Structures are given as C-alpha cells and as structure tokens.
Amino acid sequence: MNLLHPKKSSARVLLSSVFGPYAQDDEFGSRKINPMELFHNQVTRAQGSFSLRMFHRSWGIMMIQANIAAPCTVLDFPTREAFARELAEYQYDVVGISSIIINVRKVREMCRMVRELSPQSVIVVGGHVAAIPGLDKMIDADHIVRGEGISWMRRYLGEDEHAPVKHPAIVSGLNTRVMGLRLPERKGETAATLIPSVGCPMGCNFCTTSAFFGGKGKFVNFYDTGDELFDVMCQIEAELGVHSFFIMDENFLLHRERALRLLARMKEAGKSWEFSVFSSANAIRKYTMQELVELGVSWIWMGLESPKSGYSKLKGADIATLTHELRAHGIRVQGSTIIGLEHHTPANISEEIEHAVGYDTDFHQFMLYTPVPGTPLYQQMSEEGRMLSGVDLADIHGQYKFNFKHAAISRDDSKRFLDFAFSRDFERNGPSLYRMCQTMLQGWKRYKDHPDARVRERFERHRKALGSAYNAALWAMERDFKKINETVSENIHVLREQIKKEFPVVSRLSTAALGPILLWSARREEKRLAKGKTYEPPTFIERTNWVFE
Ligand code: B12
Ligand code: SF4
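Overview of the structure. Here the structure is a predicted model, which means the values were calculated and not measured. (Residues numbered from 1 in each chain as written. Chains lettered and ligands numbered in written order. Predicted model: local features only at pLDDT ≥ 70, side-chain atom pairs only at ≥ 80, totals over all residues. Heavy atoms only, no water.)

Side note on the site of ligand 1
Here is the rule: Residues are labelled near a given molecule or strand when at least one of their non-hydrogen atoms is within 4 Å of it. Side-chain atoms alone can form a polar contact between residues adjacent in sequence; in general such a contact is a pair of N or O atoms within 3.5 Å, and within protein one must be able to donate a hydrogen while the other accepts it. In this description a helix means any DSSP run of H or I spanning at least four residues, a strand means any run of E spanning at least two, and both kinds are numbered starting from the N terminus. Under the scheme applied here, ten amino acids are nonpolar (Ala, Val, Leu, Ile, Met, Phe, Trp, Tyr, Cys and Pro), four are charged (Asp, Glu, Lys and Arg), and all others, including Gly, are polar.
Near ligand 1 lie 41 residues; those nearest to it are Asn34, Ser58, Ser98, Glu148 and Glu250. In the model, an oxygen atom of ligand 1 is placed 2.9 Å from a nitrogen or oxygen of the asparagine 103 side chain. One nitrogen or oxygen atom from the main chain of glycine 149 is found 2.9 Å from an oxygen atom belonging to ligand 1. When contributions to the shell around ligand 1 are tallied by element, the ones reaching two or more residues are α1 (38-42), α2 (59-66), β4 (94-98), β5 (122-126) and α7 (208-212). Here the shell around ligand 1 is built from residues that sort into 19 nonpolar, 18 polar and four charged.

Quick look at the nonpolar core
Our working definition: Joining through side-chain atoms within 4.5 Å is the link that ties buried Ala, Val, Leu, Ile, Met, Phe, Trp, Tyr and Cys residues into a set, and such a set is a nonpolar core. Each residue is placed in one exposure class: buried if its accessible area under a 1.4 Å probe, protein chains only, is under 20% of its type's maximum, exposed if it is over 50%, and partly exposed if it falls in between.
Met179, Phe245, Leu253, Phe275 and Leu326 are the most contacted members of the largest nonpolar core, which has 111 residues in total. Formed by 33 residues, the second largest nonpolar core is a distinct cluster that contains Val95, Cys111, Ile139 and Val391.

A look at the sheet that holds strand β8 (residues 174-178)
Formally: Strands qualify as paired when DSSP identifies two bridges or more between them.
As summarised here, the arrangement of the three strands in space is β2-β8-β9, forming an open sheet in which the pairing is antiparallel. The open sheet has two edge strands, β2 (53-55) and β9 (181-182), and neither has a second partner. Where β8 and β9 come together, two bridges link them in antiparallel fashion. Across the sheet, residue arginine 177 finds its bridge partner in β9, namely arginine 182.

Observations regarding the packing of helix α17 (residues 453-481) against helix α19 (residues 504-530)
Rules: Between N-to-C directions, angles cover 0 to 180 degrees, with each direction set by a line fitted to C-alpha atoms, over the stretch in contact for helices. In what follows, roughly perpendicular refers to angles from 65 to 115 degrees, roughly parallel to angles under 35, roughly antiparallel to angles over 145, and oblique to any angle outside these ranges. Crossing handedness follows the turn of the near helix against the far one: under a right angle anticlockwise gives a left-handed crossing, and clockwise gives a right-handed one. Contact between two residues is taken to exist if any of their heavy atoms lie within 4.5 Å; hydrogens are not considered.
The contact between α17 and α19 brings their axes to 7 Å, and the two run at 50°. Classified by the angle between their axes, α17 and α19 sit oblique to one another. Every pair of crossing elements has a handedness; the one defined by α17 and α19 is right-handed. Within the contact between the two elements, α17 uses Gly467, Ser468, Ala469, Asn471, Ala472, Ala473, Trp475, Ala476, Arg479 and Asp480 and α19 uses Val506, Ser507, Ser510, Thr511, Leu514, Gly515, Pro516, Leu518, Leu519 and Arg523. Grouping the amino acids of the contact of α17 with α19 by side-chain chemistry returns 10 nonpolar, seven polar and three charged.

Here's the deal with the pairing of strand β3 (residues 72-76)
Counting buried residues along β3, five of its five residues qualify, which places the element largely inside the surrounding structure. A two-sided burial pattern is seen for β3, the buried positions comprising Cys72, Val74 and Asp76 on one face and Thr73 and Leu75 on the other. As paired elements, strand β1 (residues 13-17) and β3 share four bridges and run parallel to each other. Looking at β3, one finds that valine 13 is bridged to cysteine 72. With five bridges joining them, β3 and strand β18 (residues 540-544) adopt antiparallel strand pairing. The partner of cysteine 72 across the bridge, within β18, is threonine 544.

A short note on the packing of aromatic side chains
Aromatic ring pairs: the centre-centre distance and the angle between the two ring planes describe each pair. What counts is decided by this rule: The criterion for an aromatic pair is that two Phe, Tyr or Trp rings (for Trp, the six-membered ring) have centres within 6.5 Å, with stacked assigned to planes under 30 degrees apart, edge-to-face to planes over 60 apart and tilted to the rest. Placement of a positive charge over a ring is assigned whenever Lys NZ or Arg CZ falls within 6 Å of the ring centre and within 35 degrees of the normal to the ring plane.
Considering all chains together, one arrives at 25 aromatic pairs under this definition. Pairing tyrosine 92 with tryptophan 546 gives two aromatic rings, centres 6.1 Å apart and planes at 40°, and the pair type is tilted. Of the two residues, tyrosine 92 sits in the loop between α3 (80-89) and β4 while tryptophan 546 sits in the segment after β18, which places them 454 residues apart along the sequence. Both residues of the pair, tyrosine 92 and tryptophan 546, count as buried. Clustering of aromatic rings is evident, with ring pairs tying together Phe230, Phe245, Phe252, Trp273 and Phe275. Looking at arginine 57, its charged tip hangs above the ring of phenylalanine 540, at a distance of 4.0 Å from the centre. One cation-aromatic arrangement involves arginine 416 over phenylalanine 417; the distance from NZ or CZ to the ring centre is 5.5 Å.

Observations regarding the packing of helix α18 (residues 486-502) against α19
Their axes nearest at 5 Å, the elements α18 and α19 cross at an angle of 130°. Taken together, α18 and α19 sit at an angle that is classed as oblique. Judged by residue contacts, Arg496, Ile499, Lys500, Lys501 and Glu502 of α18 engage Pro504, Ser507 and Thr511 from α19. Residues of the contact of α18 with α19, tallied by class, amount to two nonpolar, two polar and four charged.

Notes on the side chain of serine 17
Summarising the element assignment, serine 17 is placed in strand β1. Those residues in contact with serine 17 that sit more than four places away from it in its chain are Ser58, Ile61, Leu75, Asp76, Phe77, Pro78, Ser98 and Met110.

Here we look at α17
The line we're drawing: The angle between axes fitted to the seven-residue stretch ending at a residue and the seven-residue stretch beginning at it gives the bend at that residue.
The axis of α17 is deflected most strongly, by about 45°, at tyrosine 470. Capping the start of α17, aspartate 452 holds a side-chain oxygen 2.9 Å from the backbone nitrogen of arginine 454, two or three residues further along.

Description of the site of ligand 2
Around ligand 2, a shell composed of nine residues is seen, among which Cys200, Gly203, Cys204, Cys207 and Ser210 lie nearest. Classifying every residue of the shell around ligand 2 gives five nonpolar, two polar and two charged.

Some remarks on the pattern of salt bridges
For clarity, the cut-off: When a carboxyl oxygen of Asp or Glu lies within 4 Å of a side-chain nitrogen of Lys or Arg, that pair is called a salt bridge.
Evaluation of the coordinates by the stated rule reveals 50 salt bridges. Where glutamate 342 meets arginine 386, a salt bridge forms, and the shortest distance between an N and an O atom there is 3.0 Å. Of this pair, glutamate 342 sits in the loop between β16 (332-339) and α13 (349-357) while arginine 386 is found in the loop between α14 (376-383) and α15 (411-429), placing the two residues 44 residues apart along the sequence. On the basis of relative accessible area, glutamate 342 is assigned to the partly exposed category, the value being 34%. You can call arginine 386 buried: its relative accessible area is 18%.

Side note on the layout of surface pockets
So the rule is basically this: Using only the protein atoms, space was sampled on a 1 Å grid; points where a 1.4 Å probe fits but cannot get out form cavities, open sets with protein on both sides within 12 Å along at least five of seven lines form pockets, and lining residues are those with an atom within 4 Å of a point. Grid points are joined across faces, edges and corners, and a volume is the space filled by probe spheres set on the points.
The calculated volume of the second largest pocket comes to roughly 1400 Å³. Around the second largest pocket, the lining is made up of 43 residues, and of these Leu183, Glu189, Thr190, Met436 and Tyr470 lie nearest the centre. Here the lining of the second largest pocket gets seven residues from one element, more than from any other, and that element is α17. Split by residue class, the lining of the second largest pocket holds 24 nonpolar, 11 polar and eight charged.

Functional significance is not addressed by these values, which are geometric in nature.
This is the structure in structure tokens:
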C-alpha cells in the first residue's frame, strides 16, 4: 500500500474516535465500568455522588487535525449511525480511526462499515490499539500506525513532517457533574489541555504510553523549550481565556530546564497560571517547594509505588513526607497505586492498601498490575507462559481482573482487592472534594501574603472558590458522610469552621443558599446511580480547511 496518498493535501480526511455508547456492556466491548470519564473511571469511582465526573475529548485526533493542511473532519464520540451518516454524506479519501486496545472490536466494525459505505477510502488505524500483535489479521485496515501520528499523517499527505506543531485550543473537560449537579461552563473556567510531548523516557516495564512511543530513553517532544511552551500557552490563553492548564505530559517535571525557562518567562510577563501535571516522585524532588509553587503547579498526579516493589522511586517514609509537604503548600496530590504487584499476597495486600490509603492524598487512583500488549511486561509474561488465555481484549485495562497468572492472587480476588482499595480510601479519607478543599485552604493560608503577585493571585482564586461553592458542598458532605464515617464527617465540620473563620460572611451566605440544594441533589443522584444511571459524552463534528458543500 502506497505510503503517500495520491491526492496529497487535497485528500479529504475523516478522523474519528470509536463509536459509543461507552458506559454499558455490549457486544462491541463497551463496558459499564469503562465510562469516558477520567475520574469516575479510575479515581473517584467508589465515591458515589461525590465522584468528580467529566468527559475528555480525543486529543490525539484533534492534534492531528490541527497539523494537516488537508480538508479534515474530526468526529468525536459518534454513534454508529453518526459515523455511517458522515461516511455516506462526504466522499472521504482517507478515514482515520483512533482507538485504544479495549475498543478493538469497535475498530473492526468501523473498518467494515467504511468498506461498505465508502469503498474508495483508505483506512488508517492509529492510537494504542496499534500495539496489539497481529492486529492486521483482526481488522480490515490499509495502514496501522504505531507511535506518533502527526508526523505520520503529514508524511502520508505529502506535507512537511518537521514543521512546527500547532497546538489546538482544547478545553480539558466537559459536562462536569458533581453531587448530582451539572456545573455551568463559563469561558475560561475550565483548564485548557496542553500536550508538550508523548511518551516517557523512564520506560517502566508495564507502562503502555512509554512503550508505545519508543520505550526506555525515548519520547517525542512537540515543544523542546520553555520559550516555545510559553508562546503556545499565551496563544491558548488568548483563545480560551484560561489561566489553568492540564498538562498532558507523562513526566512534565522531568524536563527541568524547560520548566524553569517557562517559569522565567511567566515571571517576566506576570502570568499567574496554574498547572495540573503528571510527575514521578523523583522528578518532583528535583525542585524546591518554592519553585513548584511559583511555577503554578497546583495538582500533581504521581505514582506511589509500593516501597517493596522494584519500581519504587522513593522509600515509603519519603513518599509520606512528600505528599504531606506538597499538600501543605497547597498542591493537590493525586496518588496512583498498583494493586497485584509480584510481591503482593492475600496475606500482605490489605496492609499494603492500608499503607497507600494512609498517604491521605487528595485523589487516589488504583490500578491492577497489568501486562498490556506492546509492553516489555507483556513480552516477559508471555515468555514465562503466564498470560491467561481467553481474556477478552475489552477487559484488559487494569480496572477489572488480572489477565495473567499471579503467583499468589487469583483473578477473581484481584478484583476484590481492587474494589476494596477504592472503597477503603473513600471510607477512611472521605470524598476527594473535601480533601482538595483542605489542601486549598492550607495553600491559601500559607501564600496569601507571598511577595510574588502572581502567586497571591492564584491562591486568591482558590479562596473565592473555597468560600463559596466548595463551602456549600462541604456543608452537604458533612451531613451525608455521617452514615459512612462519623469521624470524617466531624473532620469536614472542623474544616468548615476554619473556612468560616477566614471568610465569615461569604461562607455563611453560600452555605445557606446552596448547601441544602446540594444535599438534595447529591441524595437524588445516589438514587439514580443505584438504579444504574450512567453518562455518555455528546458527539462532536469539527471541520477544518473545508471548502465543500
Ligand atoms: C485522556 C485519556 C482518556 C480519556 C478519554 C479519551 C478519549 N476521548 O478517548 C478518558 C479519561 C475518558 C480515558 C478513559 C479510558 N482510558 Co484513557 N487515557 C487518556 C490519556 C491520559 C491521554 C490520551 C491522550 O490524549 N494523549 C495525548 C495524545 C496526543 O496521544 P495519543 O492519544 O496517544 O495520540 C497520538 C498517537 O497515539 C497517534 N494517534 C492517535 N490516534 C490516531 C489515529 C490515527 C488515524 C493515527 C494515524 C494516529 C493516531 O497520534 C497521536 C499524536 O501523536 C492516556 C494516557 C496518555 N498519556 O496518553 C490514557 C490511555 C489512552 N487510556 C487508557 C485506558 C486503558 C483507558 C480506560 C480503559 C480506563 C482504564 N481502565 O485505564 C478508559 C477507556 C474508555 C473507553 N470506554 O474507551 C490507556 C490505553 C492502554 C492501551 N494500550 O490501550 C492509556 C494509554 C493510559 C494507560 N497508560 O494505561 N482515557
Ligand atoms: S515514570 Fe510513569 S509515565 Fe514514565 S514510564 Fe514509568 S509509569 Fe510510565
């Protein structure tokens, strides 16, 4: 098959994510436990109505669309009918399908639909699904693209693959719901997504994102320098009116020189931006708390590898000190713990979970140790003959059951331990919403008089949120959590008193006005969830360089 499309940049391109619905069990591999919601899927899933719920667009295809000159449509979260309609209505030369491994059956069906409804189209399949060995025998596609897709698509369309990468203005989350209420979407209030790179050079053997973009020592930078990042962020700030960025880079802080140059530019320009980042613990340790705070790091997602595992980047006591310290400086911590590591046994796992929960992070993700196709771990387990046969690819994602033979823990027990970890964290530490209010208050108290106006401005934004809507939510949480854990409910009360002391008038008014509504809507939501209510994202159709009617 030709690696240059004959029509080059005049080819009409459709880029689609896989079809929904997602949060229900069906024959195409959708699973109720796999909603298109980051937090509800793998972080706050046991937190009932307090779970933070929002959707995230398919950023990979948005990035590709923004970087090709060909006429292009992005179809995000289509129904099968919407996908069929799009194919029938426009004569696409290229149909690109983006997917991860679990959705491979949807990719197969979409390829079938393209052949039937748009036989002239070349089918290109990309994203993590491409890591499945023998995928070419499972689906009817013309090209299966492993790794970075912008350069591949540019090459395929005869465009300059080395041209600078344009970053689309992406609102990071949509249709946010919490405690049964849909939050208003005001311009500039939701963080923008920024993707500085893909991959991670650390190369942990289970890590699919690292493996997919080259593995150990490799990654693809879209922006090499702090100056480039700064310019892109200014452009996104102007377009979306944001001051907050969700930085989608597996290990943003690892690139210290880039981060510090960005900080220098932010200081020069007086930018009071804030960042949510992913980072390994040892990368965080390369910075002083002062540097992190000045840089605007306000949320860190980091692996809390068991101190007894081979992956541990810090000792247990160091992790406890680090998480405590970060929170004391107003930085929300989202811990990530792996359940079912090689050294785990039914006898020690509860203690390990208890230990992880004891770090008391604002948010806590738990994942099963999972050899995913394409990773060194998968290779190793296959060679050792430990992969379980007959496990559906739709169930290989770390939120259900083991897909390999563990020395001491059975497949069914793996699910029990995973579920226990989520519920234990919730029951012992309370709703994540409450924990992040604790962190925000600590940050505000510590930095409200900071000499740098940018830092003060950032914590002032947190103060406003804390005194108003969050405080009302705490009022409702305090009441509702009594039935789960009386001590946590009392702690929420103590936090409310502290907030009241800091901002007496506004907190009283907001609680009186909004508290009872939130309590009512949270309880209504609990009932809906008990009846099996799930949420689906809306469909998006976006056209660029489009001159056809
Ligand atoms: C945002 C995100 C989500 C969002 C939804 C995104 C969406 N709209 O589909 C949410 C939070 C809902 C989500 C859910 C899930 N996710 Co998720 N998610 C991510 C995350 C954090 C970022 C993805 C991203 O945008 N990256 C940046 C872009 C630029 O990279 P990219 O998507 O890989 O795209 C590049 C290439 O892959 C390629 N490419 C992509 N598409 C195409 C298409 C074509 C035609 C071509 C040529 C190239 C190409 O080009 C792009 C630019 O280089 C990744 C982790 C990560 N760091 O990537 C995990 C990740 C993709 N998710 C993963 C998983 C497993 C899940 C879940 C099953 C939850 C779980 N149990 O972990 C659910 C499944 C939901 C469902 N029903 O489908 C895995 C996939 C593993 C795998 N090997 O398949 C990842 C890699 C995380 C991980 N390390 O485990 N996820
Ligand atoms: S540090 Fe994190 S992102 Fe990097 S390879 Fe390890 S698990 Fe993956």
